[in-house]
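# Descriptive structure summary
Here's the letter readout for the chains.
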Amino acid sequence: MRIAVTYDNGNVFQHFGHSEYFKLYEVQDNEVVATGVIGTDGQGHGALSHLLYVYQIDVLICGGIGPGAQSALSEVGIALYPGVSGSCDSAVEAYLRGELVQTGANCNHHHEDGHSCGDHGCGSHGCGDHNCCH
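About the criteria used
Residues numbered from 1 in each chain as written. Predicted model: local features only at pLDDT ≥ 70, side-chain atom pairs only at ≥ 80, totals over all residues. Heavy atoms only, no water. Helix = DSSP H or I, 4+ residues; strand = E, 2+ residues; numbered from the N terminus. Contact = heavy atoms within 4.5 Å. Buried < 20%, exposed > 50% of the residue type's maximum accessible area, 1.4 Å probe, protein only. Arc of directions from axis to C-beta. Polar contact = N/O pair within 3.5 Å; in protein donor to acceptor, adjacent residues only side chain to side chain. Patch = residues over 30% accessible without salt bridge, like charges linked within 9 Å, V, L, I, M, F, W, Y side chains within 5 Å. Areas by Shrake-Rupley, 256 points an atom, 1.4 Å probe, with all protein chains shown as cover. Salt bridge = Lys/Arg side-chain N within 4 Å of Asp/Glu carboxyl O.

### Focus on the overall build of the chain
Counting its regular elements, the chain contains three helices and six strands. Considering only contacts within the chain whose residues lie at least 6 apart along the sequence, 51% involve residues at least 24 apart.

If you want it as structure tokens, here you go:
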């Protein structure tokens, strides 16, 4: 199994589409056997799902991510665990223990061009057509 985590200085990077690096984990028998960091070469939202597919990633752990990127990852069969923060290594350890829960995109970190849920209190409604909150 291969796990990728959006990466920034050892921590989970909080905006999937702007990720410059992923930390990759090779897992066998529920133990990490190898790790490495890869660059994205500045690729954006759509190309990142293809990059992860090429690296044969099974699971992505990340911070915020929008519905389009979620759909692209789903189409290539990558299980998604968004809304995670803190240490990449700790997040993978939690996943391997079965303690990481799949949630929707984390609106606090995902702001599409011209859209900021902070402007209208994301918790008070469903974000309409943006579908970024849950």
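Once the structure has been displayed, the description carries forward.
### Some thoughts on helix 2 (residues 67–75)
Every buried residue of helix 2 is accounted for by Ala69, Ala72 and Leu73. Seen along its axis, helix 2 keeps its buried residues to an arc of 95°; they face one direction. Exposed residues lying more than 90 degrees from the buried face of helix 2 are Ser74 and Glu75. Gly77, located one to two residues past helix 2, shows a positive phi value of around 80°.

### Digging into the side chain of Thr40
With respect to the element layout, Thr40 can be found in the loop between strand 4 (31–39) and helix 1 (45–54). A polar atom in the side chain of Thr40 sits 2.9 Å from the backbone oxygen of Ser19. Ignoring anything within four residues of it in the chain, the contact list for Thr40 reads Ser19, Glu20, Tyr21, Phe22, Leu48 and Leu51.

### Notes on unusual backbone geometry
A negative phi angle is the norm for most residues apart from glycine, just as the trans form is the norm for most peptide bonds. A positive phi is found at Asp29, a non-glycine position, where the angle reads about 50°. Checked against the element boundaries, Asp29 lands in the loop between strand 3 (21–28) and strand 4. Among the residues examined, Asp29 registers a relative accessible area of 76% and is labelled exposed.

### Some thoughts on the environment of Glu26
For Glu26, the location among the structural elements is in strand 3. Of the residues examined, Glu26 reaches a relative accessible area of 22% and is grouped as partly exposed. Spatially, the C-alpha atom of Glu26 lies 6.6 Å from that of Ile3, the residues being 23 residues apart in sequence. Look past the residues within four positions of Glu26 in its chain and what remains in contact with it is Met1, Arg2, Glu31, Val32, Val33 and Ala34.

### Observations regarding a nonpolar patch on the surface
There is a patch of nonpolar side chains on the surface, built from Tyr53, Val54 and Tyr55 and spanning about 300 Å² of accessible area. Relative to the elements of secondary structure, Tyr53 occurs in helix 1.

### Observations regarding the pattern of salt bridges
Across all of its chains, the model carries three salt bridges by this definition. Between Glu26 and Arg2 there is a salt bridge whose closest N-O contact spans 2.7 Å. Here Glu26, found in strand 3, pairs with Arg2, found in strand 1 (residues 2–8); they are 24 residues apart in sequence, far enough to count as distant. In this structure Arg2 comes out as partly exposed when scored by relative accessible area, which is 31%. Between Glu99 and Arg97 there is a salt bridge, with its nearest N and O atoms 3.0 Å apart.

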